[in-house]
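# Coordinate inspection notes
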Amino acid sequence: MPKKYIFVTGGVVSSLGKGIASASIGRILESRGLKVNLIKCDPYINVDAGTMNPFQHGEVYVTDDGAETDLDLGHYERFTSVTLTSSNNITTGKIYHSVITKERRGDYLGSTVQVIPHITDEIKSFIKMASSHKKFDIVIVEIGGTVGDIEGLPFLEAIRQLKIDLGRKNAINIHMSLVPFIKAASELKTKPTQHSVGKLREIGIQPDIILCRTELPLSKKIREKIGLFCNVGPQAVVQAIDVKEIYEIPLIFRQEGLDNIIADKLYLRCKDKGLDDWQRKVVEPALYPKKETVIAVVGKYIELQDAYKSIYEALRHGGFSNSARIVIKRVDSEDIEKKGVEELLSGVGGVLVPGGFGTRGIEGKISAIRFARVNGIPFFGICLGMQLAAIEFSRNVLGLRDAHSTEFTRKTKNPVIFLLPSQRAKKNLGATMRLGLYPCRLKKETKAHAAYGRELIHERHRHRYEFNNKYKKLFGNSGVLFSGIYPKRNLVEIMELRNHPWFLASQFHPEFKSRPDRAHPLFREFIKASIAKYESKTA
Ligand code: GLN
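Residues numbered from 1 in each chain as written. Predicted model: local features only at pLDDT ≥ 70, side-chain atom pairs only at ≥ 80, totals over all residues. Heavy atoms only, no water.

### Section: the site of the ligand
Around the ligand sit Gly 355, Gly 356, Phe 357, Cys 383, Leu 384, Gln 387, Glu 407, Arg 462, His 463, Arg 464, Tyr 465 and His 509, and that is every residue in its neighbourhood. Backbone polar atom of Arg 464 to an oxygen atom of the ligand: 3.0 Å apart, as the coordinates give it. Broken down by secondary-structure element, the contributors of at least two residues to the shell around the ligand are helix 16 (384–396) and strand 19 (456–463). Here the residues of the shell around the ligand sort into four nonpolar, five polar and three charged. (Near = heavy atom within 4 Å. Polar contact = N/O pair within 3.5 Å; in protein donor to acceptor, adjacent residues only side chain to side chain. Helix = DSSP H or I, 4+ residues; strand = E, 2+ residues; numbered from the N terminus. Nonpolar A, V, L, I, M, F, W, Y, C, P; charged D, E, K, R; others polar.)

Below, the structure is given as C-alpha cells:
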C-alpha cells in the first residue's frame, strides 16, 4: 500500500481543537491497525517554540531528541503511540532558515529565490522527509492557523501541490470548521463553513471531509446543506460535538464512522482492533471516578489554560490510574506572596511546583514548598520546582539563609543551584539548554525506585541550571535522599525527603512522557499519596 496522507486545515476561528482532532484521527486510525505519524506545520517565523512566551503560546513541548515544539505535539503523543522528533514540527522559521542557508551556499545556481517554488518545495521536502520511514502507513499533517491567514499561504500551496503529486487515492484534506449556534435565531449556522471552504477552494484545495465543531448535533438537513455548498457528499460532513472529556473524542469519531469514511476515501486496507482498552483505561475512569483529591499547582502562568498543559494532563492520567477525579487548584505564586500560604493551600491533598524561568513569583513557590514539607502534604517539584525545593531546604533546614540559584542572583554565598562551567560560555538563548532525553540511575529503596520499579530510566529535560554537588553531603546528612543521578556527569536528577509521606522533586520533566492509558509512575504515585492525604483530612 503506498503511503497515505491526510492534511488537516482549519477555518472560521482558531482554538477549534484542531490539534486534538488530528490526534484523535491518529488514534482511530491506529485502532484500525495502521501505523500513523503526525506532523505539525506552524506558520510562525520563530525557528522553534523554545523562545516563545507561554503567555502567548502555551507550553513548550519537549521531545525525546530535545526539540522544543508546539504543544500540539503533546496531544499527538498522548493520544497515539507515536514518539515524535524535531522533524515532526515544521515552522516557517525552519523553512526559511534552510532556504536562505542554501541560497548563501549557492545551491540555487543564479535563480531568483521565490516563495513559489522554492519555499513551497522546501515545505514539501520537509513533509516528505518527516514521513519517509517505511513503517508508517499514514501521515497526518496539521496546518496551524486558520485558512485566510497570510503566513499560512505557502503551506496551503504546498499541500495543494502535494495532493496532486500524490494522487487522489493517496491524499485527502480534512477541513475543520465551526458551525455556531445563534441563540437569537435558535439555529445552527452553516455560512461560516461555506465561506471558509470557499476560501480554500480559491487557492485550489477542495476538502474531502468537513469536520464541524458544534455545540449541538447536526441534523441530516444541515449536513446536506453543508455538503451541497461545500461540494462534498453529506456522509463526508462529520460532526465534532463539544465534549467535556477530550479523551472521549476518538470514541465519538468512531461512532460517527470517521474511520470508515477516511478508509473509503484513501482506499485503505485495514483491520479493526477497536478502542476497548482506551475505553476501559482512560474514558471510564475519567467519566466515573471513585475517589477525589485536590492538587494545588503553584506557578506564574496560572490564568492561562495551556501554559502547563502536559502537567495538567499528567495529573489527570495519575487520576485515571487511581480511579480518582483530580481537582486542580491553580494558585498564582504571587498571590501566595500577597495573601499568605495558609489561605491558599490549606486543605489540598498535594502541591505541585512546575518548571519556570525568571524571578517573578519564586518566593511564593518557596513558601508553598515549605508549607508542604512541614505539614506532610505530598509534594512534587519539577525542574524549577526541584531547584526551589533545594533552596527552601537550604534556607529553612540547613540555615543557609541566603541560599539561592545563580539564575536569580549572583551575590549569594550559597549558590545551591548554579550553572556548570560548560554552560557559562553560551550566549544565545535558543536551543542552548540541557534538552531532551538523558539517562538517570535510581537508588534502590527510594520512592523513585518504588515508583518506576527499575534502576535505569530516561527522561526529558529543558533547563540550564543544576544542583551544586558541593552541598550534597550537607543535604544528605539532614534527611535528603538523592535518589536519581545522571551517571555520566554525576548530576542530581531527583531529590526526595526521608521523613515525609511523599516529597519528591525531579530536574527532568516527567509530564512529557505521561500517557492517559499509561500514567507516568511519578504522577501515579504522587496522586496516590495525595488521595490518602486528602481522604485523611476530609474523613
Ligand atoms: N530556569 C531553570 C533552569 O534553566 C528551570 C527551567 C525549567 O524549569 N524548565 O534551569
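There is more to say after this.
### Let's talk about the sheet that holds strand 11 (residues 237–241)
Spatially, seven strands are ordered 5-2-6-1-7-10-11 in an open sheet, and the strand pairing comes out parallel. Edge positions in the sheet fall to strand 5 (89–91) and strand 11, since each of these pairs with one other strand and no more. Averaged over neighbouring strand pairs, the angle between their axes works out to 20° when direction is ignored. Across three bridges, strand 2 (residues 36–42) lies against strand 5 in parallel orientation. Paired with Lys 40 across the strands is Asn 89, a residue of strand 5. (Pairing = 2+ DSSP bridges. Axes fitted to C-alpha atoms, helices over the stretch in contact; angles between N-to-C directions.)

### Quick look at the pairing of strand 7 (residues 171–179)
The buried fraction of strand 7 is high, at eight of nine residues. Pairing between strand 1 (residues 4–10) and strand 7: six bridges, direction parallel. Within strand 7, the position partnered with Ile 6 by the bridge is Ile 172. With six bridges joining them, strand 7 and strand 10 (residues 209–214) adopt parallel strand pairing. Bridge assignment links His 175 to a residue of strand 10, and that residue is Ile 210. (Buried < 20%, exposed > 50% of the residue type's maximum accessible area, 1.4 Å probe, protein only.)

### Describing the sheet that holds strand 13 (residues 324–332)
The strand order across the open sheet built from nine strands is 13-12-14-15-23-22-21-18-19, with neighbouring strands paired in mixed fashion. Each end of this open sheet is capped by a strand with a single partner; those strands are strand 13 and strand 19. Ignoring strand direction, the axes of neighbouring strands in this sheet form an average angle of 25°. Pairing of strand 18 (residues 434–442) with strand 19, which is carried by eight bridges, proceeds in the antiparallel orientation. Residue pairing in the sheet places Leu 435 in a bridge with Arg 462 of strand 19. Helix-sheet contacts for helix 12 (residues 309–321) involve strand 12 (291–299), strand 13, strand 14 (350–353) and strand 15 (379–382), and the interaxial angle to strand 13 is about 150°. (Contact = heavy atoms within 4.5 Å.)

### Some points on the packing of helix 1 (residues 18–30) against helix 10 (residues 258–265)
Packed helix pairs are specified by the crossing angle of their axes together with the interaxial distance, meaning the distance between the axes. In contact at an axis separation of 10 Å, helix 1 and helix 10 are set at 80° when each is read in the N-to-C sense. Judged on the interaxial angle alone, helix 10 and helix 1 are roughly perpendicular. Only Leu 258, Asp 259 and Ile 262 of helix 10 make contact with helix 1, whose side of the interface consists of Ile 25, Ile 28 and Leu 29. Classifying every residue of the contact of helix 1 with helix 10 gives five nonpolar, no polar and one charged. (Parallel < 35°, antiparallel > 145°, perpendicular 65-115°, else oblique.)

### As for the environment of Ala 21
Residue position: Ala 21 is located in helix 1. Since its relative accessible area comes to 3%, Ala 21 is described here as buried. Separated by 246 residues in sequence, Ala 21 and Tyr 267 have C-alpha atoms that sit 21 Å apart. Sequence-distant contacts of Ala 21, that is, excluding residues within four places in its chain, are made with Met 176, Leu 211 and Phe 253.

### Observations concerning unusual backbone geometry
For the bond running from Ile 116 to Pro 117, omega is 15°, close enough to zero to count as cis. With respect to the element layout, Pro 117 can be found in helix 5 (residues 115–130).

### Describing helix 15 (residues 362–374)
Between its terminal C-alpha atoms helix 15 stretches 18 Å, which fits the 18 Å expected from 13 residues at 1.5 Å a residue. Among all positions of helix 15, only Ile 362, Gly 364, Lys 365, Ile 366, Ala 368, Ile 369, Phe 371, Ala 372 and Arg 373 are buried. Immediately downstream of helix 15, the backbone of Gly 376 shows phi near 65°, a positive value. (Expected span 1.5 Å × (residues − 1).)

### So, a nonpolar patch on the surface
Residues Tyr 96, Ile 100, Val 115 and Ile 116 make up a contiguous nonpolar surface patch of roughly 340 Å² in combined accessible area. Residue assignment for the nonpolar patch shows that the elements contributing at least two residues are helix 4 (92–105) and helix 5. Note on placement: Ile 100 falls in helix 4. You can call Ile 100 partly exposed: its relative accessible area is 46%. (Patch = residues over 30% accessible without salt bridge, like charges linked within 9 Å, V, L, I, M, F, W, Y side chains within 5 Å. Areas by Shrake-Rupley, 256 points an atom, 1.4 Å probe, with all protein chains shown as cover. Salt bridge = Lys/Arg side-chain N within 4 Å of Asp/Glu carboxyl O.)

### Focus on the side chain of Ser 31
Looking at the element boundaries, Ser 31 is found in the loop between helix 1 and strand 2. With relative accessibility at 3%, the residue Ser 31 sits in the buried group. At 2.8 Å, the side chain of Ser 31 forms a polar contact with the side chain of Arg 254. Other than its neighbours up to four places away in sequence, Ser 31 contacts Arg 254, Lys 271, Asp 272, Lys 273, Gly 274 and Leu 275.

### Topic: the packing of helix 15 against helix 16
The interhelical angle for the contact between helix 15 and helix 16, taken along N-to-C directions, is 70°, at an axis separation of 9 Å. The orientation of helix 15 with respect to helix 16, classified from their angle, is roughly perpendicular. Read as a crossing pair, helix 15 and helix 16 show a hand that is right-handed. Mapping the contact onto sequence places Ile 362, Glu 363, Lys 365, Ile 366, Ile 369, Arg 370 and Arg 373 in helix 15 and Leu 384, Gly 385, Leu 388, Ala 389, Ile 391, Glu 392, Phe 393, Arg 395 and Asn 396 in helix 16. Of the residues that constitute the contact of helix 15 with helix 16, the class distribution is eight nonpolar, two polar and six charged. (Left-handed = near helix turned anticlockwise from the far one by under 90°.)

Taken by themselves, the reported measurements are silent on function.
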